[in-house]
Amino acid sequence: MTRLTENDIKNLSEQLEDINHMLLRCCGMNAKEVACDAAGISPNSIILEDYLVGVVPVTSGMGIITKFSESVADICRSLGMESFVTKTSDVTGLAEAVSRRPDIIFMADDYEFIAYNTATMKFTNNSYGTASGYVAALNAAAGGVKEKKVLVLGAGRVGGWSVSLLQKRGAEVTVADIDTEKAKIVAENNPGTMVASDIGESISSHNLILNASPAHVDSGYIREDTIISSPGVPHTFDKEAFRKATIIHDPLDIGVSAMAVRSASFSRPYSERKNR
Ligand code: PYL
């Protein structure tokens, strides 16, 4: 998984409204509606305002990313949830979070990023959240992916979940990766998936693409009127790509929104349980 940089997210909290406008323009849904679609629930079936979220900074590995935890808390707040970032980090931070009885705890090290539901002890992670969120966005932007050809670029954790979730929605999926062996493993785990032999040719022959790769996509291969749902970081599309295609991207909002809604959907909120 490519690690976000401080620069990727330095203005994210201020950009949440713009991201919602981009999603409404591309998909006809805002981030909360995309996240609910990704979780398979109706926005009217859950009251996110009743959920309390704690975010705990983690110093392991390459350490804290400036404003990462604050961005996660702001994204949850933009969904209507109440959220806080602990003043301390790691185990001390977890203890601080638990003492405030949150419904959900977010924590991320360099390999795993989870949204832990304290009532059910179940968690969802960023790989699944990002894949489900960007699949929901592509499905909405495409007017449905059922029986349509979709190319997934990147056979990592997000790409693998994307293949599985696109197939669940009835798409005809091809997976491409510079490491053909990784693509073959994803295809074996998701029967019916095709493996691209030539990545450039496969980009040119699809107008629905989910880009879960950190690699640069050469705009010369992109067909006019392509829709690219693109969680991949770094985000390196050029002006020609933006002229030819509808490109859906943000560095963290869609994935975290999908994590927050799915984790909340695992249980009733503590405030409601407490008042029983
Ligand atoms: C969640 C992002 C999406 C893409 N790559 C993932 C990443 O950068 N993971 C590392 C997150 C580290 C957070 C750090 C902190 O500030 O608490 N431990």
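Caption draft 1: Representation of the sheet that holds strand S4 (residues 113-117) within the structure. Sheet architecture is open: 5 strands sit in the order S2-S1-S3-S4-S5, paired in mixed fashion. Both outer strands of the open sheet, strand S2 (82-85) and strand S5 (122-125), are each paired with one neighbouring strand and no more. Between one strand axis and the next, the sheet turns through 20° on average, direction left out of account. Note: strand S1 (residues 52-56) against strand S3 (residues 104-108), 4 bridges, orientation parallel. Considered in S3, the bridge of Gly 54 is made with Ile 105. Helix H5 (residues 90-98) contacts S1, S2 and S3 of the sheet and is inclined by roughly 170° relative to S3. Packed on one face of the sheet, helix H11 (residues 253-264) meets S3, S4 and S5 and runs near 25° to S4.

Caption draft 2: The arrangement of unusual backbone geometry in detail. With an omega dihedral of 0°, the bond running from Val 233 to Pro 234 counts as a cis peptide bond. Inspection of the secondary structure assignment puts Pro 234 in the loop between strand S10 (226-229) and helix H10 (239-244). The backbone of Asp 225 shows a phi angle near 65°, a positive value even though the residue is not glycine. As for its placement among the helices and strands, Asp 225 is situated in the loop between strand S9 (208-211) and S10.

Caption draft 3: The arrangement of the packing of aromatic side chains in detail. Inspection of the entire model under this criterion finds 3 aromatic pairs. Their ring planes at 85° and their centres at 4.8 Å tell us that Tyr 128 and Trp 161 sit as a pair that is edge-to-face. Taken together, the positions of Tyr 128 in helix H6 (residues 126-141) and Trp 161 in helix H7 (residues 157-168) put the pair 33 residues apart, joining distant regions of the chain. A relative accessible area of 15% means that Tyr 128 is categorised as buried. Ring-pair connections join several aromatic residues into one group, and the members of that group are Phe 68, Phe 106 and Phe 113. Lying over the aromatic face of Phe 266, Lys 122 brings its terminal NZ or CZ to 4.1 Å of the ring centre.

Caption draft 4: Main features of the site of the ligand. Around the ligand, a shell composed of 14 residues is seen, among which Thr 2, Leu 4, Val 58, Ile 65 and Ala 108 lie nearest. Between the ligand and the protein, one listed contact pairs a nitrogen atom with a backbone N or O atom of Thr 2 at 2.6 Å. Notes on the ligand: free accessible area 470 Å², of which the protein chains cover 96%. Looking at the shell around the ligand residue by residue, the class counts come to 9 nonpolar, 3 polar and 2 charged.

What counts, and where the lines are drawn
- Residues numbered from 1 in each chain as written.
- Predicted model: local features only at pLDDT ≥ 70, side-chain atom pairs only at ≥ 80, totals over all residues.
- Heavy atoms only, no water.
- Pairing = 2+ DSSP bridges.
- Helix = DSSP H or I, 4+ residues; strand = E, 2+ residues; numbered from the N terminus.
- Axes fitted to C-alpha atoms, helices over the stretch in contact; angles between N-to-C directions.
- Contact = heavy atoms within 4.5 Å.
- Phe/Tyr/Trp six-rings, centres within 6.5 Å; stacked < 30°, edge-to-face > 60°.
- Buried < 20%, exposed > 50% of the residue type's maximum accessible area, 1.4 Å probe, protein only.
- Lys NZ or Arg CZ within 6 Å of the ring centre and 35° of its normal.
- Near = heavy atom within 4 Å.
- Polar contact = N/O pair within 3.5 Å; in protein donor to acceptor, adjacent residues only side chain to side chain.
- Areas by Shrake-Rupley, 256 points an atom, 1.4 Å probe, with all protein chains shown as cover.
- Nonpolar A, V, L, I, M, F, W, Y, C, P; charged D, E, K, R; others polar.

Read these as layout, nothing more, since geometry by itself doesn't imply function.
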